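Structural overview
Read off the chains here:
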Amino acid sequence: MIEVRYFAWLRERIGERAEQVDTTAATVADLVDELAARSEGHALAFADLKSLRVALDQQMAGFDAPLAGVREVAFFPPMTGG
Amino acid sequence: MRLSVQEAPFDLGAESVAFAGSVAGAGAVVTFTGIVRGDGGLTAMEIEHYPGMTERAIRAIAEEAVARWHLTDALVIHRHGRLAVGEPIMMVATAAPHRGDAFAAAEFLMDYLKSRAPFWKKEIGPTGEAWVAAKDEDEAALKRW
């Protein structure tokens, strides 16, 4: 089981802050394919990966990163702090 | 080094005085405060963050600043939740033996907090709500470091 978390407009499109996902996806990109098939909101949220960022166990990562051993995956738009 | 991610308001004067009073060995203190701007009739800002990751990201950024500019101390306060126009969103303070290092490190902290700390801003105004999009120039600003 992986905890998948969503922030900002991604959270709003999907309608959930977090989901428990039972997956055998090898990489983040594989997981995205699985998630995008869950609902229209998911498909819309993941329509343009260039507008998304991902963190694995709270460290920034790429979409080609492996998921082995990862407990928490977070998806969000580029950060706008400050 | 004090780093705080908080919903509550902070007292800019008290924080500045406390920081400046605690930095033995420094000859310069620089402080920066970010305020919610009222552009285009904006009435409030909603700031979301990623608890846990936010603190970790800010610590990594601040530790890099301390190492690169030999700061004697650094302070970062960043708020989340709903903030009205005119309210302070965040502040950074740096202390160093000389002002050049303190100014540079404060700018570095600001540039990195904008693009590398997991905060997202939503503007609330007369026409509704809209997430603030990241700007290319914010990303470009990181290249100078």
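Residues numbered from 1 in each chain as written. Chains lettered and ligands numbered in written order. Predicted model: local features only at pLDDT ≥ 70, side-chain atom pairs only at ≥ 80, totals over all residues. Heavy atoms only, no water.

- Per an unreviewed UniProt entry, the recorded name for chain B is Molybdopterin synthase catalytic subunit, and the organism is Neotabrizicola shimadae.
- The annotation that UniProt attaches to chain B under Subunit (unreviewed entry) is "Heterotetramer of 2 MoaD subunits and 2 MoaE subunits. Also stable as homodimer. The enzyme changes between these two forms during catalysis." (UniProt positions renumbered as here; feature names shortened; annotations may be inferred.)

- Per an unreviewed UniProt entry, chain A carries the name Molybdopterin converting factor subunit 1 and comes from Neotabrizicola shimadae.

**Quick notes on the overall build of chain B**
- Check the secondary structure of chain B and you find four helices and eight strands.
- Counting from the amino terminus, helix and strand elements in chain B follow one another as β-α-β-β-α-β-β-β-α-β-β-α.
- At 15 Å, chain B has a C-alpha radius of gyration in line with the 15 Å of a compact globule built from 145 residues.
- Across its three principal directions, the C-alpha atoms of chain B cover 50 × 35 × 30 Å.
- Here chain B, with 145 residues, has 46% of them falling under the buried criterion.
- Within chain B, residue pairs in contact and separated by at least 24 positions form 78% of the contacts whose partners lie at least 6 positions apart.
- Accessible area of chain B: about 6,900 Å², with a carbon and sulfur share of 53%.
- Mean positive and mean negative side-chain charge positions of chain B (15 and 20 charges, respectively) differ by 2 Å. (Helix = DSSP H or I, 4+ residues; strand = E, 2+ residues; numbered from the N terminus. Rg over C-alpha atoms; globule rule 2.2 N^0.38 Å. Buried < 20%, exposed > 50% of the residue type's maximum accessible area, 1.4 Å probe, protein only. Contact = heavy atoms within 4.5 Å. Areas by Shrake-Rupley, 256 points an atom, 1.4 Å probe, with all protein chains shown as cover. Lys, Arg positive; Asp, Glu negative; His and termini not counted. Charge placed at Lys NZ, Arg CZ, Asp CG, Glu CD.)

**Here's the deal with the pattern of salt bridges**
All names here are of chain A.
- Taken as a whole, this structure holds 15 salt bridges over all chains when the rule is applied.
- Among the salt bridges present, the one from K50 reaches D48, with a minimum N-O distance of 3.8 Å.
- Judged by relative accessible area, K50 falls into the exposed class, the value being 72%.
- Taking relative accessible area as the criterion, D48 reaches 34% and is therefore assigned partly exposed. (Salt bridge = Lys/Arg side-chain N within 4 Å of Asp/Glu carboxyl O.)

**A short note on the sheet that holds strand 3 (residues 53-56) of chain A**
Residues and elements named next belong to chain A.
- Across the sheet, which stays open at both edges, the five strands sit in the order 2-1-5-3-4 with mixed pairing between neighbours. On the outer flanks of this sheet lie strand 2 (18-21) and strand 4 (59-61), each paired with one strand and no other. Averaged over all neighbouring strand pairs, the angle between strand axes comes to 30°, with direction disregarded.
- Relative to strand 2, strand 1 (residues 2-6) runs antiparallel, the two being bridged by four bridges. In the sheet register, V4 faces strand 2, and the bridge partner there is E19.
- Helix 2 (residues 28-36) rests against strand 1, strand 2, strand 3 and strand 5 (72-76) of the sheet, and its axis sits at about 70° to strand 5. (Pairing = 2+ DSSP bridges. Axes fitted to C-alpha atoms, helices over the stretch in contact; angles between N-to-C directions.)

**Quick word on the pairing of strand 4 (residues 73-79) of chain B**
Residues and elements named next belong to chain B.
- The buried count for strand 4 comes to seven of seven residues, which makes it a mostly enclosed element.
- The alternating pattern of strand 4 places D73, L75, I77 and R79 on one face and A74, V76 and H78 on the opposite face, and all of these are buried.
- Of the strand pairs in this sheet, strand 1 (residues 2-6) and strand 4 are connected by five bridges, and their pairing is parallel. Residue pairing for strand 4: Q6 is matched across the bridge by R79.
- Of the pairings in the sheet, the one linking strand 4 to strand 6 (residues 88-96) comprises six bridges and is antiparallel in character.

**Side note on the packing of helix 2 (residues 53-69) of chain B against helix 3 (residues 99-116) of chain B**
All names here are of chain B.
- Contact geometry for helix 2 and helix 3: axes closest at 10 Å, N-to-C directions at 155°. It follows that helix 2 is roughly antiparallel to helix 3 by the angle criterion. Crossing of helix 2 over helix 3 shows right-handed handedness. Taken together, the residues of helix 3 that come into contact with helix 2 (itself represented by A57, I58, I61, A62, E64, A65, R68 and W69) are D101, A104, A105, F108, L109, Y112, L113 and R116.
- Of the residues belonging to the contact of helix 2 with helix 3, the class tally is 12 nonpolar, no polar and four charged. (Parallel < 35°, antiparallel > 145°, perpendicular 65-115°, else oblique. Left-handed = near helix turned anticlockwise from the far one by under 90°. Nonpolar A, V, L, I, M, F, W, Y, C, P; charged D, E, K, R; others polar.)

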